[in-house]
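Secondary and tertiary structure notes
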Amino acid sequence: MIEPIYKNSAAAIEDRVEDLLARMTIAEKADQLMQLPVGKDVDPNNVGEGQFRPTIGSLLNSRMGAAVHNMYQKRAMEESRLGIPIIFGQDVIHGCVTLYPQSLAQACSFRPELVRACARHSARESVAKGYHWTFSPMIDVARDPRWGRVVEGYGEDPYVNGRFAEAAVKGYQGDDLSAPDSIAACLKHFAGYGWSEGGLDYVYTDISMRTLWESVLPPYRCGVEAGAVTIMSAFNDISGTPAVANRYLLTEVLREQWGFDGFVVSDWGAVKQLENQGMTADPDKQTKYCLEAGNDMDMVDQVYANIPELVATGTLDQVVVDEAVRRVLRIKFRLGLFENPYFDEASQETAYLRPDAKAAAKALADETLVLLKNEAGALPIDATSIAIIGPTADHAECLHGSWDCCGRHEDTVTIHEGLKQRFQGVLNYAKGCDFSGDDESGFEPALLAAESSDAVVLCLGEIGLWTGENQSRSTIELPEIQERLLDAVIATGKPVVLVLAHGRPLGLHSIDPKVDTILSVWQPGTMGGLAVADALLGKTNPSGRLAITFPRTTGHIPTYYCQRPPARTGKQGRFKNIETAAIYEFGHGLSYTSFNYSDINLSAMEIREYDLLTASVDVTNIGDRDGAETVFWYLRDPEARITQPVRRLIHFEKIDLAAGETKNVSLTISPMEHLAYLDNKGKRILEPGQFILEVSRLAVAEFILKPCNA
Ligand code: GLC
């Protein structure tokens, strides 16, 4: 018997797709477009077992491991008529078993190459765990820290999110998507989820076309250009059209303008949620609207089970269904699932927490720590005894954060444990208080620890699950009990280093004036405690820079660096009761050394549209210890028919500088790439005039873009 083309691995993928598609019944096509949760999973959302069928397209969120997944796959390959393999998905957001810092912390490293390396390790561990597909990277630009998911993206800047989107996609997918250690990436949540009104989750997002093209879409364009093969449509209603049914986004932009040929999966239950959002309660319309918009796969709610009936009645054109199935099959072929549907069960014990993965986790964590303040030079600590106090001191979960996948608390080095391993002197630990509540009974032992030590490391912050999905908070300030503990410890007169383990930017208006030294450690992952200990003791030199602004208080939200200039300046348009400026702005971060910038050297003072301009600057480490400096290149366009942000990041580069070393850093500016702005249809507009280049807000240079005919 002649082997069907779709089973011939030597045949072209598009030929295999078409051959298989032609053989499928409408019921088999509908099942390929549905995804089910299986297994006893901790997530109360999961609807549990008992719904499996051999023709299902995808299973998600199971932590039951490769052997069980192989059992499901065997049923799909042998009990179904055509033997179409299942694609197994999971939220591998910042690591699978080895956990890396949370994404927002990763962005603060400004080291995309380290993120790419960690994503490679995550991919390898994911395959060992029985996953083909991660619902990552999350690249939702976000500027409201009340929104719990601010922690999952790469901060407030579109360009930064784009650089890390590219790094993560290339890390997960590798050079060969069908390789045994590659997994499919998924850009999410497309799009505009970060504009959630009031910082709540799942709510309306009012997004102008300008904001959409200028701030929301750029990271997704980068991810698509990096080769991401799947995209997850978002929960949010985008100015009246929910993302899952938004044809403009899912088809006109994604397919027709950007040429994306992978598939789009809805977010959990989003098809059915069109009822809640007031679009339609009719499941037939839900399916029709979403499929016709370009949402190919239905996560969990199985509304798409009505496809056969909709096609039979002529309500839904089979052509639309076929195109969705074509996309899903295409990615399954590209992943090599037809040739290698099963997971290697033998690799289980050697695949996780490998020394190289932990070394990558440590290296990235080292670079994510942000030294916010170090006025009395209390860091690095030089003491013979240290009191380590506070709710985040001996607590693994707060170093994991949300979406910790298959990570285990027992594998994580806490800050206390890290100091135990690294500090040679006397270490006195006391918890002091819980994360919240009113119980001060732990204060006394904490103060005794402080009084019997040379210095205090006070570890405050957030429980890991205070950020993440459905974790909005009406205030970004720490619970009062933590600030009362801070006050009591400060009253002992000992030098205090404040360490903050947190997911969202915190409101530090009342805390900041009380302490001279603050180290933000975010949620640094499996090796977090060692990274923090090394920074505290000076074994490493903190080099993180904020990828998101810390508003002074909750009332200062939104505050971000690339705001548009106000109509009035000076004292006008400011708060009357409190300082208006952010307490720590995007790009802020100190070091144990200092860096000096020369003036910017420009290859020309005037250019035309097709000229290239080279800007360069010397950066010198003028301190007595090695360090790393992120060089930020900002553009200011002070006069434009469509007003522009005060400044816009167009490039960053992190460089290592030995004590006393100078490096020349340069950027080649192409007018259409760097100077043009996007109109509200995504068209690049290049307007002649004056431009200002700023390097790390320290060096400034002006130049002119002349009109073509001048
Ligand atoms: C969740 C999240 C999404 C995640 C998906 C699968 O509701 O919104 O980010 O990937 O469901 O767990």
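Residues numbered from 1 in each chain as written. Predicted model: local features only at pLDDT ≥ 70, side-chain atom pairs only at ≥ 80, totals over all residues. Heavy atoms only, no water.

Let us look at the site of the ligand. Around the ligand, 14 residues are found, and the nearest of them are Asp91, Arg149, Lys188, His189 and Asp267. For the ligand, an oxygen atom lies 2.6 Å from a polar atom in the side chain of histidine 189. Look at the ligand: alone it shows 310 Å² of surface, and the protein chains cover 98% of it. Broken down by class, the residue content of the shell around the ligand amounts to seven nonpolar, two polar and five charged. (Near = heavy atom within 4 Å. Polar contact = N/O pair within 3.5 Å; in protein donor to acceptor, adjacent residues only side chain to side chain. Areas by Shrake-Rupley, 256 points an atom, 1.4 Å probe, with all protein chains shown as cover. Nonpolar A, V, L, I, M, F, W, Y, C, P; charged D, E, K, R; others polar.)

Our focus in this paragraph is the pattern of salt bridges. Pairing between side chains of opposite charge can happen when their charged atoms approach one another. Summed over the entire model, instances satisfying the criterion amount to 49 salt bridges. With its nearest N and O atoms 2.5 Å apart, the salt bridge here joins arginine 326 to glutamate 18. Linking arginine 326 in helix H12 (residues 318–334) with glutamate 18 in helix H1 (residues 13–23), this pair joins segments that are 308 residues apart in sequence. With relative accessibility at 17%, the residue arginine 326 sits in the buried group. Linking lysine 420 and glutamate 417 is a salt bridge whose minimum nitrogen-to-oxygen distance equals 3.7 Å. With lysine 420 and glutamate 417 both in helix H16 (residues 415–422), this residue pair falls three residues apart, about one helical turn. Through salt bridges that share partners, Glu18, Arg255, Asp296, Glu323, Arg326 and Arg327 make up one connected network. (Salt bridge = Lys/Arg side-chain N within 4 Å of Asp/Glu carboxyl O. Helix = DSSP H or I, 4+ residues; strand = E, 2+ residues; numbered from the N terminus. Buried < 20%, exposed > 50% of the residue type's maximum accessible area, 1.4 Å probe, protein only.)

Our next topic: the layout of surface pockets. If a probe as big as a water molecule is rolled over the atoms, it shows which places are left empty. Of the voids in this model, the largest pocket is the one considered here, and its volume is about 1,300 Å³. Lining the largest pocket are 49 residues, with Pro158, Tyr159, Trp213, Glu214 and Pro218 sitting closest to its centre. Contributing elements (two or more residues each) for the lining of the largest pocket: helix H6 (158–173), helix H7 (209–216), helix H8 (218–225), strand E22 (648–657), helix H20 (671–675) and strand E24 (677–678). (1 Å grid on protein atoms, 1.4 Å probe; cavity = no way out; pocket = protein on both sides within 12 Å on 5 of 7 lines; lining within 4 Å. Points joined across faces, edges and corners; volume = space filled by probe spheres on them.)

Our next topic: the side chain of histidine 94. Relative to the assigned elements, histidine 94 resides in the loop between strand E3 (87–90) and helix H4 (103–109). A polar side-chain atom of histidine 94 sits 3.3 Å from a polar atom in the side chain of glutamine 102. Apart from the residues within four sequence positions on either side, histidine 94 is in contact with Leu99, Tyr100, Pro101, Gln102, Gln106, His400, Ser402, Trp403 and Asp404. (Contact = heavy atoms within 4.5 Å.)

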